[in-house]
Every structure is written in C-alpha cells, then in structure tokens.
Amino acid sequence: MRHRAGDDRRGDADAIGFVLTRSSRRVTPARARELALAVPPHVLTVAVFAGEPTEEVRAATLESGVRAVQLHGEHPHADFTALKDLGVTLVRAGAASTDLRCGALDEDLLIVDAPRPGSGEPWDWAAVRGRPEGRWLLAGGLTPSNVAEAIIAARPWGVDVSSGVEVAPGVKDSGLIRDFITAARAG
C-alpha cells in the first residue's frame, strides 16, 4: 500500500497482493484472477512469489492477470530482466540487509522487510531511514497500532502489510485493514 498524504481515497489500499507461492496464504492463479477482477482499476494487483523459477512466475502472472509481480527473497538480476517483457510493475522484496537502491535489479518498487522477513515481528524501522533510494515500501511487523510510528521512524514512500491485519494465519480482517490504512495515511 502506498502512503499518500492528502489522497481523496482515504479508505482504499493502493495495492492488493495475492500470494502465489508456497504459503498458508496461497491462492491459485485462477483464484487470483477472479479476485483481481473485483479490484477497482486504481488499485494495483500484485502476485507474490518467493523462489519460483521465472518460467513459473511468468505463467502464473499471465494466468492471474495481475498488474505487478513481487519477487520476495534472494533473486538475481536475471530474474527481473527475464520478466521485464511482461509489461507489469516489478517489485523486489527483501530484508533490510539487501541492496537498498530501488532499481538496482531493474525493479520498479522495492520493499524493505524485517531482518527475518515473514516473521511478523516489529524491528528497528529507523535503522533504514535515509538509506533506501527511490520508491520503496517499509514492511515487517506493521500493524494498525504501530504503522504511523514506523512511517515517522523510516520515512518510506509507502508501507506493506500482511499478518498485521490478520485475525488468524491467512485470514484478513476488514476492520484491521481499514484501521491500518487510516493510521498509515495519518503517519
């Protein structure tokens, strides 16, 4: 989700991700397509992958009809180059210890995650302040109750959340999502 001060769509997320990798949150590309068709056109639909070969990413992206691909974890530059011709937004996601220059691997957006990505644990968000370059999003341990603090500490272009708006693993809560967006926009 991108944080935009003064946006008139105050209750909307700017992006919605569909996990197409091995996870308790996984959906099939066909299900992602069904869900993506229900998403308003101004909201970016993102397929999330972690470690799949680019041929699988390409096939799932085309089948799902999403407008962005997120490669999470250690992916070589060649993976991003191999997907450029899809014409979708490419997102690189990794721990704060990775190269923090957005575009370093030909991606369009960078997500800076916790030292233990996917843990859902808060971390020292201020440690990255001033280091990432370009359009980058902060992730890792964000919740409605701490996202404004994290934004103030790190000054990201946007924020990303998953487990921080769940009532059980893989089960999102619409109230928590609204609360998160409200707090993020106020941060």
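The structure we're discussing is the one just above.
Note that the structure is a prediction, hence the values are computed from the model and not measured. (Residues numbered from 1 in each chain as written. Predicted model: local features only at pLDDT ≥ 70, side-chain atom pairs only at ≥ 80, totals over all residues. Heavy atoms only, no water.)

Caption draft 1: The arrangement of the packing of helix H4 (residues 147-154) against helix H5 (residues 174-186) in detail. Direction vectors running N to C along H4 and H5 enclose 30°, while the axes themselves pass 8 Å from each other. Accordingly, the angle class assigned to the pair H4 and H5 is roughly parallel. As for the relative orientation of H4 and H5, their crossing is right-handed in sense. In this structure, H4 contributes Val147, Ala148 and Ile151 to the contact, and H5 contributes Phe180, Ala183 and Ala184. Residues of the contact of H4 with H5, tallied by class, amount to 6 nonpolar, no polar and no charged. (Axes fitted to C-alpha atoms, helices over the stretch in contact; angles between N-to-C directions. Helix = DSSP H or I, 4+ residues; strand = E, 2+ residues; numbered from the N terminus. Parallel < 35°, antiparallel > 145°, perpendicular 65-115°, else oblique. Left-handed = near helix turned anticlockwise from the far one by under 90°. Contact = heavy atoms within 4.5 Å. Nonpolar A, V, L, I, M, F, W, Y, C, P; charged D, E, K, R; others polar.)

Caption draft 2: Inspection of H5 at higher detail. Taking 1.5 Å per residue as the helical rise, H5 with its 13 residues ought to reach 18 Å, and the 18 Å between its terminal C-alpha atoms agrees with that figure. Turning to H5, its buried residues are Gly175, Phe180, Ile181, Ala183, Ala184 and Arg185. Residues of H5 that are buried sit in contact with H4 and strand E7 (158-159). For H5, the capping residue at the N-terminal end is Asp173, with a side-chain oxygen 3.0 Å from the backbone nitrogen of Gly175. (Expected span 1.5 Å × (residues − 1). Buried < 20%, exposed > 50% of the residue type's maximum accessible area, 1.4 Å probe, protein only. Polar contact = N/O pair within 3.5 Å; in protein donor to acceptor, adjacent residues only side chain to side chain.)

Caption draft 3: Quick peek at the packing of helix H1 (residues 29-37) against helix H2 (residues 54-64). Closest axis-to-axis distance for the H1/H2 pair is 7 Å, and the angle between their directions is 35°. Pair H1 / H2 crosses with right-handed handedness. The residues of H2 that touch H1, namely those facing Pro29, Ala30, Ala32, Arg33 and Ala36, are Ala60, Leu62, Glu63 and Ser64. Per-class residue counts for the contact of H1 with H2 are 6 nonpolar, 1 polar and 2 charged.

Caption draft 4: Structural detail: unusual backbone geometry. Phi angles above zero are rare outside glycine, and Asp106 is one such case at about 75°. Position of Asp106 relative to the elements: it lies in the loop between strand E4 (89-95) and strand E5 (109-113). Positive phi, close to 55°, is recorded for Arg155, a residue that is not glycine. Take Arg155: it is sitting in the loop between H4 and E7.

Caption draft 5: View of the sheet that holds E5. Judged by pairing direction, the sheet is parallel, and its 7 strands sit side by side in the order E1-E2-E3-E4-E5-E6-E7 without closing on themselves. Unpaired on one side and paired on the other, strand E1 (15-19) and E7 mark the two borders of the sheet. (Pairing = 2+ DSSP bridges.)

Caption draft 6: The pattern of salt bridges, seen in detail. All chains considered together, the criterion is met by 10 salt bridges. For Arg22, the salt bridge is made with Glu52, and the minimal N-O distance between the two is 3.7 Å. With Arg22 in the loop between E1 and H1 and Glu52 in the loop between strand E2 (44-49) and H2, this pair connects stretches of sequence that are 30 residues apart. Assessed through its relative accessible area of 65%, Arg22 is described here as exposed. (Salt bridge = Lys/Arg side-chain N within 4 Å of Asp/Glu carboxyl O.)

Caption draft 7: Looking closely at the pairing of E4. Counted residue by residue, E4 has 6 buried out of 7 residues, so it is predominantly covered. With 5 bridges connecting them, strand E3 (residues 68-72) and E4 associate as parallel partners. Looking at E4, one finds that Leu71 is bridged to Arg92. As paired strands, E4 and E5 are joined by 5 bridges and run parallel to one another. Bridge assignment links Ala95 to a residue of E5, and that residue is Asp113.

Remember that the coordinates give geometry; whether it matters functionally is a separate question.
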